[in-house]
Structures are given as C-alpha cells and as structure tokens.
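If you want the building blocks of each chain, they are given just below.
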Amino acid sequence: MKSIVSVQLMPLRVENFEKKMGSITLSAYFTVNVGERAVLLGKSGSGKTTLLRWIAGLDQRDFKGKVFAGDRDLTYLAPEFRNIGFVFQDANLFTSLTVMDNVTFGLRMRGVSRCVREAEGALWLEKVGLKGQSFSPVTQLSGGERQRVAFVRALIWRPQIVLLDEPFSALDPELRAALRRDLVEIHRLWPAPMLLVTHDEKDIEVLATSRLDLQWDPVSDQRKVVRSRARDDCDG
Amino acid sequence: MKVRTESGAVAFRNRDLVFYLTMISILWTVLFWLSAVLVPVAAVITQALFQDSQGGWRALLDPTVLSVVRLTLWQVFWSTLWSGTLGLLLGLWIGSFLANLPRSRAHALLVVPFGVPTSVVGIAWVTWLGRTGVFAYWGFHSEWIYSLKAVILAHVFLNVPWVAYLVSQARKDLPHSLLEAAKTLGADRKCQFRYVVWPHVSSVFWGACAQVSSLCTMSFSLVLGLGGGPPVQTLETEIYERLRYGLLDISGALACGVWELALTLVPWVLVLYFYSKHKKFNFNQPHKQVRRLRHHATLWGLGGFFVIPYLVIFNGQTPATLLRVVLDPDSRLQVLMALDVSVRLAVAASLGCVLTVVAALMTLNWLKKCKFKSLESIMNLLLKLPSGVSVLVLGLGVWIAYSRWVDPFEGSFLVVLGLQMTLFFPVAFRLLSPISESHSTLELEGAVLLGASRFQAFWIIEWPRWKGPLFASLAAVAGGGLGEVGAVSLFYSERLISMPLLLSRWMGQYRFAEAQAVGGLLLLLSFALMLIAFELGELGELGRLVPRRQVEVTL
Amino acid sequence: MIAFACFQLLLCLLRGLDARSWVGELPVEDELVIYTYDQFLAPGALGREIFPLFEKKNHCHIRALASGNGGQILTRLQLDAKRGKSVAQLIVGIDQSSWEIAQPWTESWGRWLPLGYSRLIKEAQVERGFLPFDYGPLSMIADREVLSQMNLKTPSRLSDLLGSEWNRNIILQDPRTSTPGLSFFLYTYFVLGEGTWSFWKQFRNQWLTMAPGWEGAYGLFLKKEAPLVWSYLTSQAYHEEQGEQWRGQNRYQAVLFQEGQPFQLEGVAWVKGAIKTQRHRELAQKFLEFMISLEVQNRIPNKMWMYPVRKDVELPASFRNLPKPAKMISFQSGLTLGRVKRGKEIETALSRWRQVIGQ
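The rules behind each value
- Per chain, the residues get numbers from 1 upward, laid out in the order the sequence is written.
- As they are written, the chains are lettered A onward and the ligands numbered 1 onward, keeping that order.
- Restriction of local features to residues with pLDDT of at least 70 applies here, the model being predicted, together with a cutoff of 80 or more for giving and counting side-chain atom pairs; totals for whole chains, interfaces and linings are based on all residues.
- Strands are runs of DSSP state E lasting at least 2 residues, helices are runs of H or I lasting at least 4, and numbering of each runs from the N terminus.
- Burial is judged by counting the other C-beta atoms within 10 Å of a residue's own C-beta: 20 or more makes it buried, 12 or fewer makes it exposed, and any count in between marks it as partly exposed, with every C-beta position built from the backbone.
- Residues are treated as contacting if the C-beta atoms built from their backbones sit within 7 Å of each other.
- With C-alpha atoms as the basis for the radius of gyration, the globule rule is written as 2.2 Å multiplied by the number of residues raised to the power 0.38.
- In this classification, Asp, Glu, Lys and Arg are treated as charged, Ala, Val, Leu, Ile, Met, Phe, Trp, Tyr, Cys and Pro as nonpolar, and every other residue, Gly included, as polar.
- Each nonpolar core comprises buried Ala, Val, Leu, Ile, Met, Phe, Trp, Tyr and Cys residues, the members being joined through C-beta atoms within 7 Å.
- Per residue, pLDDT measures the predictor's confidence, with a range of 0 to 100.
- Where helices are involved, their axes are fitted lines through C-alpha atoms of the stretch in contact, as for all axes, and angles between N-to-C directions lie from 0 to 180°.
- These descriptions rest on fixed angle ranges, namely under 35 degrees for roughly parallel, over 145 for roughly antiparallel, 65 to 115 for roughly perpendicular, and the rest for oblique.
- Here a crossing is taken to be left-handed if its near helix is turned anticlockwise relative to the far helix by less than a right angle, and right-handed if that turn runs clockwise.
- We treat two strands as partners when DSSP finds at least two bridges between them.
- A clockwise path from the first strand over the helix to the second, with the strands pointing away from the viewer, defines a right-handed crossover.
- In a helix, the anticipated span is given by 1.5 Å times the number of residues less one.
- The arc in question is formed by the directions pointing from the helix axis toward the C-beta atoms.

**Let's talk about the overall build of chain B**
Then step 1. Tallying secondary structure elements over chain B gives 22 helices and 0 strands in all.
Then step 2. With 555 residues in all, chain B has 54% of them scored as buried.
Then step 3. Pairs at least 24 residues apart make up 84% of the contacts formed inside chain B by residues separated by at least 6 positions.

What follows is the structure, given as structure tokens:
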C-alpha cells in the first residue's frame, strides 16, 4: 500500500515503568516489535489501562519510567506528538463528523489534502465493509461497525505504535470473533507494534503473537508485567 | 369474578380520567396559546400594517422609529457580542474543570444574577458608576453612567454569567475520552476545540446568544434608568413612552412593536431552524468527581464577581432604614401592599405557568401518540415562540385586542398574570419537556404488572423524576415574576403596585434609602428563589435548543 | 391541612381578580371622579388634605384616581375618549401646555365663571376651560456646594449652557413625558425661534440625563450627580424652609436667565362629555370655586411649593425672598395660532426635536 505519511516503523520499548496503585506498585519492562501483536491479560482494576494511557501520554501524573519508539524517547511528549494510535474501550467516535471524516481525522491533522485522504479512507473502509456508509453520520452505525471505524481511524494515518484498550468488551461474542479477524486484517495493512489489553483469554488465542502477563512478586510487593512468549509467527 | 369486574371498572375509570384530563389539557393549551400569544401578536401586526389610519406600514419607515431601531440594534449587537464572547471563554474554562467537581453550590452563583430584578440592577450600577458613586469615591471617575455604555455594561454583566453557565454545562457533558481520542490522533488544542469541543457546545452557545440578544432587545427598565433618556432610546422605552406617557401614540407604538417583534423573533427562528437540521447528541457518562480546592475556590471567586456588585444595595444603614419603614405606618402599609401584590402575582404566575406547561406537554404527548408528527413539531415550535416576544409588545397587543374589556389605567391583575405566565412559559417548558420526553413506559408497565394502581405507579416511578424540575420551574418563575417590571408597568393601578414599582416610585420621591432597603429585600427573595431553582433543577436545559433526551447515544 | 392551605391560597389569588380590576365603576350621583397625578395624592400632599374638606362641605364623595404623572393623565384621557368611556369628570394637575394638547378631550365652562375668578393674577385667567390653581416660574436650580467643588459659575443666559464646562453637568426632563421638560423645550422654542434646532444640536452633549419625570431628575440632583437641574424657582424656597445651608448661604439657588423665565400654570379642567347630570355640573362648578378659594389657596405655598394664583394670599418669608424673573414668558402669547392648532404645533415641534437630538 502506498504510504501517505512517511513513518518508519520502530519497536515499542517500555523501560522501568513504575506506578503506585494504593498499597502495591505496578512495574513493567518490555518491548513490542514491529509486526507483533502483544496482548496484555489482566483482571479489571489491575492497572492495564493505566499502563496503556501512560504510554499514550494521556495520563502523566505520579509515574516513573521511560517509553521509546525505537530510539526516540516519547516520555515527555504530549499525546498529539507521540504518533500513537489508540483504540478506546468505547469507540469514542466524533458524533459531529461523518464516518469518512472520523476515519480520516488523523490524516487531516497531518495536513493531508481532502481528496487524498478520502481516497485512502475509501480504500480502508472497503476493507472493513463500510464503504457504503462513508458519508453517513456515525450515530447510524451498529456497535460492531463503530468499533471497525475506530480501528481504521487508529491505523489509517500510519502511527508508529498502536494501542488497544479492551476494544471488544462492549460487544457480543459473535461480533467479537468477526472483529478480531478484521483487526488482524487491518493490522496487516499497517503492521505497527500493537499492544492490546484485555481480560478475555479468547483474544490471546486469536490475536496475540506474543503475550504479556501481570505477575505478583511477593518479595518486592510488586505486580510486574512479564513477557511470556505464546506464538512465534509474526505477521507483516 | 367479582374482583375482576371491580378492577376492570377501576381500569375503565382510570382510562376515562386520563382521557378527560388530556382533552382538558388540549383545550387549555390551545386556548392559552390563542388568547395569550396569537391574538395579541396578530393584533399588533395587523393593526400596524393594515388597519391603522395614520399611515399603516409607512409608520414603520418613520425616521424617528428608524433611528430608534438603529440604536436598539447597535445596543443589542454590542451587548450580545461582549456577553457571548466573554461568556463562551469563561464557560469553556469553567466547564473544563467542572467535570472534576461534584455538583458545586458555587456554580449556582452564575445562575443567580439572571434572577436579579432589573430595577435593583439599575440602582446597583448607579451606586457604582454614579458621579457620587463608589468608583468616584475611590478616585476612578468615568463618564459611563447615563449613557449607552452603562446600559451595555449592565447587560454584559448580567448575561456573561448566564452564557458561561450554559456553555460550561454543555462543556462539562463532553466526555473527556473524546478529547483524548483527538489528542492521540494528533489534534492540537486548536483542532481539539474546532472538531470536538465546538460542535458540542455550539448549539447551546448560539441558543444562549439568541436568548441574550432577545433579552437585550427587550430590556426596558435598565435602558430607562441607565441610558440617560434621549437620545438613548430603544424600541422598548419608545413603546412605553408612546403608550403610557403624554401623547398617546398607538400607531407609533405599533410600528415600534412590529420592529421589535422582528428583532426578537428573527434570532430565535434562525437558530431553531438551523439546529432542527443539525441534531446534537448528548452523552451520559459518569465523571470522576475529585474535590479540588483550587477549582472550588475559582468557581466561588468567579460567581462572586458577578453577584457582589448587586450587594452594594445593602449598606450599614439598611437595617435601620428597614426598621424605619416597618415603624412608619404609611410606609409599612405601602410595602405590605406591594409585597402582597408581588407575592400573589409570583405564586399565581408560577402555578399557572407550570400547570399550563404540563397541559402543553400532555398535548404534545397525545399528538405523538396519535402520530401527528408534523403537527407535533409545529406545536413544539409555537410553544417556544413566546421566548422571542417582548412582554411590552405582548402587552401592547393585549391593550389593543382586548381594549373593550381592559383598561390599562384601571390595572388588571388578570392581565398582568397572563402576561407573566406567557413571559415565563418558555422557561418552565424548557425545564419540564426533557422529563416528559423521557417518560418511562416500560417501568410504568412493570409497576402495573406488579399490581400497582396507575396512581401508585405514577407516584413511585414518575413523580420522583418530575418533582425536582417541577419545583425548580415554580421557583424560577416565581423568582422572575417577583422582579418583573414590563407587564406590571403597563397594567398597574393604585391598587396594583408591585415591589419593583414601589421601588421606582420611592426613588422618584427621593426616598433612596427606603428604596434601597426594599430593593435589598427583593434581591434576597429572588436570590433565594433562584438558588432553590438551581438546587432542584437542571437549569442547563434552559440553554438547550434540542431537548437533552431527544436523541441519545449510549456509549 | 393541605386542603386548607390550598383553599387559603385560592382565596388569596381570587382577591386579586376582583371585579373592580376589570372595569371602572360607573359614576353615581354624588360621586365626583378625578384624575390626578400620584404626587398630588401622596401622604402629606395637598390632595389628601383638601378632598375631605370638599366632601364635607358639599355632601359628596370624591374618588381620586392617581394616574402617574401629568403626561400619563393625558394618555388616560385620550384612551378613555378612544374607548368611548369617560370615567372621570375632572382632571386636576395638568399644566397649560398639556392642556393645549388635551383640548379635544376637555370641556369649556361656557359663560359661567367661578366665584373669585377676578381675584386671580392676570396670567392665570387663561381661557374658559382651564382653571389654574397654582403657578410657578421654572428655572435652573444650582447646588452651590457642587458648583464650588467643580469651580463653575452660574450661567446667566441660555447660550451659556452650551459652554464646555457644562458638558454632562445638567439634569433635564424628557419633554415628551414630563411637563417641566416640555416647558423647557417650549421656552427654548419661544426664545430662540428658528435657532432652537441649532441650539439643541449643540446642547445634545450637555445633559447628564434626561429623566422621564421631574421627581427622578430632582432626585439625582439632590444626590449631587450634577450641579444644575431644571426645576421650579420655588424649589429654592423649599430648601430654605428646610434650612439647607452651605457656608452661611442657601445651598440651593435658583438661576435666572436674561431671556426671562417660563412659568407653569397648574390647573383643573373638565372632561368632555363626562358631566351629564345637573348634580355633577353643580359639583364640578363647586370644585373649581373650591380650588381657588382661600381655604385651598392658603395651603398652596407650603404644600405644593408653588405660588397661589390668588393675589390676596399672604406668602411665607421664603417665597418673598425669591428672586424676580426678568420677564415671565407665556407660550400662549408666543404661539399665535388657534387653540387646537397650538396643540398640533407643539406635537410637530416635538417630533422635529426628536429627530434633531437623535441624529
């Protein structure tokens, strides 16, 4: 696929992350490579979303550690300068914009002209079967369709890293299965390092190329994000 | 068998009751709208354009009238521009941290100025800006008093907190995650505002601006008290002068009335039309509520800034003056009579207004049930119409249309009541219509299936939703009615003098101290009522053009 | 309990809807209905004192309806005429200019003349239809204290008022809504002739405020908002009686112009078509005579703070100390048109004035 925004893909590296959560401390040290889909599994309230939001730069208070895209230190950058695509638990679509405008929002922010971004948008929407609804308001979409739009919106502008925060949790099981396949498809279009947090084991089975777990370390009273290799095959 | 028959009979009677209530509501709504809105407005327009012997529509282009129109527009333009701009900035700022706060009482301070009686506003600004006022005492001499600047300043000060309140409520409702989504997609502050915040608050903002511009066009006692007389004349003061003073000039008043109708209705119609095409969505997302002292303090400070100027009406002598008023039999009698009129008016107007709104909502529901969709939307629009009609123009219409029965100089409680009900109808309508539109049929059916009677079901499920907004509307209308001057000025008599009128009368008799003390009493009463309204109701609804529940997205 | 409270509330509300607020009562034989201005009926004012006297003397009842200020009486009169329903038989307290405008709705007494008419000053014997009961020259009143604070000297002619030192330093009344205001306008119209319009064009920036009524304007003056106000010459007497002094002199001083002073006649008139029975006519005639009787006239200086129209009334010292105007200007002699036309001329002049100051 022809690239519109020239970005070189780099692995995501989190170093010495630490965050106090009540009496315990959450810590992490891991890397997600290009083309890899790392899935972080944990119960709700365990701090997975907190970690994701810190990586994206959405929450910066009382944290220690560093985040890198390749050699580029992202730790002190504002979210809009990090080049990180983020898919929220609820799709978080802009209700005042159409499907096409939502999908191409990232490109618009990067100064891509309307005709180029709409052509690109049409291509991606076709892939997820939403081409017919390009110019309808997002409020007319079903839950699954909204999430597909959110996936495309997060990836179309070629971010260096993609983060997904429990993207299937609000959907029913059949829809989840279909969307997981869609996500793999979309990721093939742009194989940036992807980190997905979930509490659903099924996500790991279908999506993960590698797995991160939250482990309890009784010695230091810490909950650590630990990498446990699940599958070796990488897409891309 | 017997039981079944009985319950069947009860159900039948209930159905009957609902049917009769609905029919009465429809009849009342239609009658009210026809007699209190359509007939007076139509009388003004038809008399001015077609039936007047002294020139008809040519009076509209009379140079004197046109110069007044120009000045009115100029005044409204600047008042709205400043109020809108400052209110928007302030509202966005407050709204951005409001989401973090639990419901703060300090927020009420932004609502309170909206209920300050205009006569008190006038006295307060004269006390601040006058030649012998507080500013002059402190050494700041300005020549703003008794000029257009003073009028605009008073309008801006009165309206900024209101615009800020409405915008901040809308901004508060914007989910933070949408802004975060925009940030992750690379949007800077400007783009976040343009693509996320602005589409969310714009409907409320334009609505607020339309409201402000209408209110500034309709402003009457402030222009009279602070404008310094001619050449600062607006359509309202012109109508008043042509009707109640000296040379009775009904055809001139009618021409001004038609102009004023155009100026007040056009913004409303434009905004309503624009937003009927452009539906907005609301999000009901729980916010994290963190008590932040800094935010609380800011809110208190800001609210205080817009309220404190009016408190200048109280001074060290106020208690002694009040005592003097109470002890002097004549003053006491005058105050008691005025208080009696004001309270009766406020109570009757609030009850009448809320009952009429309930009737109107029942009518709308019935239209919806019968699937008369277009009729329903026309009715909805028509019911909002009074917010764009000045009370003086309505009064002029009543004067002309019902001249056979109503003598303005004899005074008429009923006419003043009707005018105030019409004036405040949109306020109660906006507060109550969201509740009516989100009525919980499923829950009601559930309760009935569990054996509750219709009344019990209503009492347990519907009433808790209704009571807050209902009492809030009662308080808001009563608060507004207490300080209302327009309707009373047109149809007062010796027996029908309300508190604001007594205030201006005493000002005229150089009883400044007494007038200030009475003004203080009035101010406290309306503050209290506005606070009650704030506590009980979602006053942010007053700024919405499309009711909150009309379109809802569940996230 | 709740039901009782509701009932009370309902009763309370219904009290406001009593029949009297719908239609005015019809005149009865022994009742004289009078339109007057609010101040005439204020506590301690002349009306409250003299009406009972008249009632007692003539075995009748007076229903006085306060109708705002002088201008509003005029509106009420016109409105009644328009509706074809006359409520009042008499109007008390309109001045001569308002009366010119009110001509179409007032009635002449014909040949009859009230007892004591010959004892009135010459200026008060205007026309058969308008009986003045008091008069007073109008003038600027200056606050000496404020004048000295601002280093200002009192003006001595109309054109002095155009000086930059008087910019926003004068308080006036709106000529369309107030009788003294109208008198000031007509005074300039009479003295300056065609120069009126250029005068007002320049004069536009000189007033601090043009209040709708005299009370409001004078109130602001007393609050020291400006050093000069258009009022009555006799205001000086009022303040003298109140003992208001500044550095051993009267604090409030009347300012006379070389051009002379206009004067206001305040009087009584009959409402056209309202006096239908002989008894009413008799009472109306008695009332006119009563207003110029010594009983009322002696009360005028201290109650109305105006000069009585009768020559034979002893004036208080404060009145005797008042300065004498260079000339008393009567608009009636200035406007040489016919009676009805004079009213029309005032209206036309006012509308031109509105255009001049609105520009």
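On we go from here.
**Some points on the overall build of chain A**
Then step 1. The helix and strand inventory of chain A stands at 7 helices and 10 strands.
Then step 2. Relative to its length of 236 residues, chain A is compact, with a C-alpha radius of gyration of 17 Å against a globular reference of 18 Å.
Then step 3. In chain A, buried positions account for 45% of the 236 residues.
Then step 4. Across chain A, contacts joining residues at least 24 apart in sequence account for 72% of those joining residues at least 6 apart.

**Some thoughts on the interface of chain B and chain C**
Then step 1. Each partner contributes to the interface: chain B provides 39 residues, whereas chain C provides 47 residues.
Then step 2. Sort the elements by how many residues they give to the side of chain B that touches chain C and helix α14 (residues 329-369) of chain B lands first, with 4 residues.

**Remarks on the interface of chain B and chain A**
Then step 1. Contacts between the two partners involve 17 residues from chain B and, on the opposite side, 19 residues from chain A.
Then step 2. Contributions of two or more residues to the side of chain B that touches chain A are made by α7 (176-184) and α8 (189-218) of chain B.
Then step 3. Per-element accounting of the side of chain B that touches chain A gives the leading share, 6 residues, to α7 of chain B.
Then step 4. Here the side of chain B that touches chain A is built from residues that sort into 11 nonpolar, 3 polar and 3 charged.

**Some remarks on the nonpolar core**
Then step 1. In this structure, A428 of chain B together with L90, I91 and I171 of chain C are the most contacted members of the largest nonpolar core, which totals 331 residues.
Then step 2. If one sorts the elements of this core by residue count, helix α6 (residues 148-173) of chain B sits on top with 17 residues.
Then step 3. Ignoring any residue separated from it by four or fewer positions in sequence, one finds I171 of chain C in contact with W207, L208, T209, A211, A217, L220, F221, E225, A226, L228 and V229 of chain C.

**Focus on the environment of Q39 of chain C**
All names here are of chain C.
Then step 1. Here Q39 lies in the loop between β1 (31-36) and α2 (46-58).
Then step 2. We classify Q39 as buried; it has 21 C-beta atoms within 10 Å.
Then step 3. Along the chain, Q39 and E215 lie 176 residues apart, while their C-alpha atoms are 9.3 Å from each other.

**Describing the environment of L141 of chain A**
Residues and elements named next belong to chain A.
Then step 1. Counting through the fold element by element, L141 comes out in the loop between α4 (114-127) and α5 (143-155).
Then step 2. Counting along the chain gives 11 residues from L141 to L130, while the straight-line C-alpha distance between them is 9.6 Å.
Then step 3. When sequence neighbours within four positions are dropped, the list of residues in contact with L141 reads V99, Q133, R146 and V149.

**Observations concerning α7 of chain B**
Then step 1. For α7 of chain B, the buried fraction is high: 7 of the 9 residues fall into the buried class.
Then step 2. Of all the residues in α7 of chain B, the buried ones are L178, L179, E180, A181, A182, K183 and T184 of chain B.
Then step 3. Check the buried side of α7 of chain B and you find it contacts α1 (48-56) and β6 (84-87) of chain A together with α8 of chain B.
Then step 4. Directly beyond the C-terminal end of α7 of chain B, a positive phi value near 100° is found at G186 of chain B.

**Considering the confidence of the model for chain A**
All names here are of chain A.
Then step 1. Confidence in the prediction for chain A averages 84 pLDDT; 94% of positions are at 70 or higher.
Then step 2. Summarising per-element confidence for chain A, the mean pLDDT is lowest in strand β10 (residues 222-228) (73) and highest in helix α2 (residues 99-103) (93).
Then step 3. Throughout residues 230-236 the model reports pLDDT below 50, and contacts reaching past four residues in sequence, or to other chains, amount to 19 contacts.

**Let's talk about the packing of α14 of chain B against helix α15 (residues 373-384) of chain B**
Residue and element names in this part refer to chain B.
Then step 1. Where α14 contacts α15, the two axes come as close as 9 Å, and the packing angle between them is 160°. Put simply, α14 runs roughly antiparallel to α15. Read as a crossing pair, α14 and α15 show a hand that is left-handed. Facing A360, T363, L364, L367 and K368 of α14, the residues of α15 in contact are L375, E376, M379, N380 and L383.
Then step 2. Each residue belonging to the contact of α14 with α15 can be placed in one class, and the counts come to 6 nonpolar, 2 polar and 2 charged.

**What to know about unusual backbone geometry**
Then step 1. Despite not being glycine, N83 of chain A shows a phi value in the positive range, around 60°.
Then step 2. For N83 of chain A, a count of 23 C-beta atoms within 10 Å translates into the label buried.

**Examining the pairing of strand β7 (residues 161-165) of chain A**
Every other side chain in a regular strand lies on the same face of the sheet, so the side chains alternate between the two faces.
All names here are of chain A.
Then step 1. Of all 5 residues that make up β7, 5 are buried, and the element is covered over most of its length.
Then step 2. The two faces of β7 match: I161, L163 and D165 on one face and V162 and L164 on the other face are all buried.
Then step 3. Pairing of β6 with β7, which is carried by 4 bridges, proceeds in the parallel orientation. Among the inter-strand pairings, F86 is bridged to a residue of β7, identified as L163.
Then step 4. Sheet topology places β7 next to strand β8 (residues 194-198); 4 bridges connect them, and they run parallel. When the bridges of β8 are listed, L163 appears paired with L195.
Then step 5. Handedness of the β7-helix α6 (residues 173-189)-β8 crossover: right-handed.

**Considerations on helix α10 (residues 278-291) of chain C**
Residue and element names in this part refer to chain C.
Then step 1. With 14 residues, α10 extends 20 Å between its outermost C-alpha atoms, agreeing within 8% with the 20 Å of an ideal straight helix rising 1.5 Å per residue.
Then step 2. Among all positions in α10, only H280, L283, A284, F287, L288, F290 and M291 are buried. Each buried residue of α10 sits inside an arc of 160° when the element is viewed along its axis, so together they form one side.
Then step 3. Summarising the contacts, the buried residues of α10 are in contact with β1, α2, β3 (90-95), β5 (131-143), β12 (261-271) and α11 (294-297).

**Digging into the environment of Q253 of chain C**
Residue and element names in this part refer to chain C.
Then step 1. Turning to its location among the elements, Q253 is positioned in strand β11 (residues 252-255).
Then step 2. Since 21 C-beta atoms lie within 10 Å of it, Q253 is described here as buried.
Then step 3. Put simply, Q253 and A66 are 187 residues apart on the chain and 31 Å apart in space, counted from C-alpha to C-alpha.
Then step 4. In contact with Q253, not counting residues within four places along its chain, are A142, R144 and Q236.

**Structural notes on the packing of helix α4 (residues 118-129) of chain B against helix α22 (residues 512-536) of chain B**
Residues and elements named next belong to chain B.
Then step 1. At a minimum axis separation of 10 Å, α4 and α22 run at an interaxial angle of 130°. One way to sum up the angle between α4 and α22 is to call them oblique. Relative to α22, the crossing made by α4 is left-handed. Residue-level inspection shows S119, V120 and I123 of α4 in contact with α22, the latter providing Q516, G519, L522 and L523.
Then step 2. Broken down by class, the residue content of the contact of α4 with α22 amounts to 4 nonpolar, 3 polar and no charged.

**Looking at the confidence of the model for chain B**
Residues and elements named next belong to chain B.
Then step 1. Confidence in the prediction for chain B averages 81 pLDDT; 86% of positions are at 70 or higher.
Then step 2. At the level of individual helices and strands, chain B shows its lowest average pLDDT in helix α18 (residues 441-449), which scores 69, and its highest in helix α2 (residues 63-98), which scores 92.
Then step 3. Between residues 1-12, whose pLDDT stays under 50, and residues either more than four places distant or in other chains, the model counts 0 contacts.
Then step 4. Low pLDDT (under 50) marks residues 545-555, which in the prediction has 29 contacts with non-local residues, meaning those over four places away or in another chain.

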